[in-house]
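Observations on chain architecture
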Amino acid sequence: MLPTEMAQPVADFSQDTWWIWLIKAVFIVLFLIMSVILALWVERRGLGRMQTRLGPNVTGFMGFGQAFADAIKLMIKEDFWLKGADRVIYFLAPIIAATCAFSIFAVMPFGPQVSMFGIETPLQLADSSVAMLYVLAIAALGVYGLVLGGWSANSTYPLLGAVRSAAQVISYELGMGISLASVFLISGTMSTSSLVESQVSLWNAFIALPAFITYFISMVGEVNRLPFDLPEAEGELVAGHTTEYSSMKFAWFYLSEYINMINVSAVATVVFLGGWRAPWPLSAINDGMFNEGWWPMLWFIIKIWFFMFLLVWIRGTLLRMRYDHFMKLGWKVLIPVALGWLVAVAIIQGVGSFTDLDTRTILIVLAAIFLVLFAVLWFVDGGKKDDETQQPDEDQTEFDAFAGGFPAPPMPGQSLPPSPRAKRAPAYTSTAKEAGSDE
């Protein structure tokens, strides 16, 4: 039933002391840094296996020391400053990105209440009744690091990467936020610990499957991973917003990207996969013994790495999307599906509050219907031809792309002149035909 107010967190921090908070904070920082090191090794070795080539196998055991070698190289590499850059913002941008990346895990629950040095405390640094709003706010704030980094460099390619990053965030955070809002309606809470508690009998991934799929696609776009790495796009923008960065300033951007991968995986775990709760049938063994003590931390980390592996797998499988296809997916597929699902959930929850209907069963059936709708929006073309197949209008004027001394795309109503190669093609074809007839 739809609650009249959001449920309060179930985590109890009343016995926590300052040194317990310090231990938790230090653990989170070390966990994230070591996870990034492991993620680099897994990604390189995994992509090597997927693409039938060797990954790093020389530096350290099975190449595990390569990440440490790269970190040392970045620390001792020359740190240059651009003459035309806004030096303050140019320096603050990577710090903003890294700080926001580290902050999100403060509300992620690693496990239930445990005894730590004789003090009963939850395996979580902090929580509140609006913890997920904090996560979304910090994630949105972290994008300022990318945008300001590209703008402050006073260079063309970083600026283009920054503009793409802003457009990407606007497009995909909308779908992500709407998909999460439907889960908040179902669970009746935005507290991370309460979200885990609400999935005792059934995970939200099954109850709100359309929201789960929408979130997963949006989270790939949120962390700038293939096929959505448009802000970087090495083939077009050299390296996007990080083109003019080196040494540790570049390392902070690099570190924040992988930490954000862990962040979105943790959010998916907490919101959709039951958080730290053991999967069935392990959860049913001995009255749930694997959901008590320190065992839940293991399940939480395993679920995070499940999503991390999917991100690596996608990178090794898919190609970068074209920019207009990327925006079309966000605005014409993800947002309509997420919004339609949110409205349907609100109606069902509202009806369920006045009747005895089994809302969970209705939501599962409705999720199957939305999957069909999602597939239709994904695969069916709107009947419009691609830009390459559209013929220019007769009233379009010819456009000189280099008139201003710098190549620029044509404006509406203008068309590029045919290339010299296209002009030579008819002459070459007629010459070839004449030569064939002479033989």
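Starting afresh in each chain, residues are numbered from 1 along the sequence in its written order. It should be noted that, the model being predicted, local features are given only for residues of pLDDT at least 70 and side-chain atom pairs only at 80 or more, the latter also being counted only at that level, while totals for whole chains, interfaces and linings use all residues. Think of the side-chain values as coming from all heavy atoms in the structure, minus any hydrogens and water.

1. Overview of the confidence of the model for the protein chain
One confidence number per residue, pLDDT, is output by the predictor and ranges from 0 to 100. On average, residues of the protein chain score 82 in pLDDT, and 86% of them are at 70 or above. For the stretch residues 385-390, pLDDT sits under 50, and the model shows three contacts to residues farther than four places along the chain or on other chains. Whether two residues are in contact is decided by their heavy atoms: any pair within 4.5 Å suffices.

2. Quick notes on helix 12 (residues 323-352)
Between its first and last C-alpha, helix 12 extends 42 Å over 30 residues, near the 44 Å set by a 1.5 Å rise per residue. Taking the largest bend as the criterion, helix 12 deviates by roughly 30°, centred on Leu334, and proline Pro336 comes between one and four positions later. Runs of E in the DSSP output that reach at least two residues are strands. Runs of H or I that reach at least four are helices, and both are numbered from the N terminus. Multiplying 1.5 Å by the residue count of a helix minus one yields the expected span of that helix. To get the bend at a given residue, fit one axis to the seven residues ending there, fit another to the seven starting there, and take the angle between those axes.

3. Structural notes on the nonpolar core
Take the buried Ala, Val, Leu, Ile, Met, Phe, Trp, Tyr and Cys residues and link them wherever side-chain atoms come within 4.5 Å; each set so joined is a nonpolar core. The buried label goes to any residue with under 20% of its type's maximum accessible area, the exposed label to any with over 50%, and the partly exposed label to all in between, with areas taken from a 1.4 Å probe on protein chains only. Among the nonpolar cores identified, the biggest contains 85 residues, and Phe105 and Met219 are the most heavily contacted of them. Looking at this core element by element, the count peaks at twelve residues for helix 10 (residues 247-272). Within the second largest apolar cluster, nine residues are counted, among which are Tyr90, Ala93, Ala97 and Tyr245.

4. A look at the pattern of salt bridges
When a carboxyl oxygen of Asp or Glu is within 4 Å of a side-chain nitrogen of Lys or Arg, the pair counts as a salt bridge. This structure, assessed with the given rule, holds seven salt bridges. Put simply, Glu43 and Arg225 hold a salt bridge, and the shortest N to O gap is 2.4 Å. In this pair, Glu43 sits in helix 1 (residues 18-50) while Arg225 sits in the loop between helix 8 (209-222) and helix 9 (234-237), placing the two residues 182 residues apart along the sequence. Each of Glu43, Arg225 and Arg315 takes part in a single network of salt bridges with overlapping partners.

5. A closer look at helix 8
With 14 residues, helix 8 extends 20 Å between its outermost C-alpha atoms, agreeing within 8% with the 20 Å of an ideal straight helix rising 1.5 Å per residue. The element helix 8 is largely enclosed, with a buried count of twelve among its 14 residues. Residues of helix 8 that are buried include every one of Pro210, Ala211, Phe212, Thr214, Tyr215, Phe216, Ile217, Ser218, Met219, Val220, Gly221 and Glu222, and no others. Positioned one or two residues after helix 8, Asn224 has a phi angle of 60°, which is positive.

6. Some remarks on the packing of aromatic side chains
Paired rings are identified among Phe, Tyr and Trp, the last through its six-membered ring, by centres lying within 6.5 Å, and are further divided according to the angle between planes into stacked (under 30 degrees), edge-to-face (over 60) and tilted (the rest). A complete count under the given rule lists 27 aromatic pairs for this structure. An angle of 50° between the planes, with centres 5.6 Å apart, marks the rings of Phe105 and Phe110 as tilted. Judged on exposure class, the residue Phe105 and its partner Phe110 are both buried. A ring pair is formed by Tyr245 and Phe253, whose centres lie 5.0 Å apart and whose planes are at 75°; its orientation type is edge-to-face. You can call Tyr245 buried: its relative accessible area is 5%. In textbook terms, an aromatic cluster arises when at least three aromatic residues are bridged by ring pairs, as seen for Phe212, Tyr215, Phe216, Phe272, Phe306 and Phe307.

7. Structural notes on the packing of helix 1 against helix 10
Here helix 1 crosses helix 10 at 90°, and the two axes come no closer than 9 Å. Between helix 1 and helix 10, the angle is such that the two are roughly perpendicular. Here helix 1 contributes Leu32, Ser35, Val36, Ala39, Leu40 and Glu43 to the contact with helix 10, which in turn contributes Tyr254, Leu255, Tyr258, Ile259 and Ile262. In the scheme used here, Gly and all other residues not listed as nonpolar or charged are polar, with Ala, Val, Leu, Ile, Met, Phe, Trp, Tyr, Cys and Pro taken as nonpolar and Asp, Glu, Lys and Arg as charged. Across the contact of helix 1 with helix 10, the residue classes tally to nine nonpolar, one polar and one charged. Here, axes are lines fitted to C-alpha atoms. For helices the fit covers the stretch in contact, and angles between N-to-C directions go from 0 to 180 degrees. Any angle that is under 35 degrees is reported as roughly parallel, and any over 145 degrees as roughly antiparallel; angles of 65 to 115 degrees are reported as roughly perpendicular and all others as oblique.

8. As for the pairing of strand 2 (residues 119-123)
On a regular strand, one side chain projects to one face of the sheet and the next to the other, so that they alternate. Burial within strand 2 is extensive, with four of its five residues counted as buried. Examined bridge by bridge, strand 1 (residues 111-116) and strand 2 share five bridges and lie antiparallel to one another. What sits directly across from Gly111, in strand 2, is Leu123. Two strands qualify as a pair provided that DSSP identifies no fewer than 2 bridges between them.

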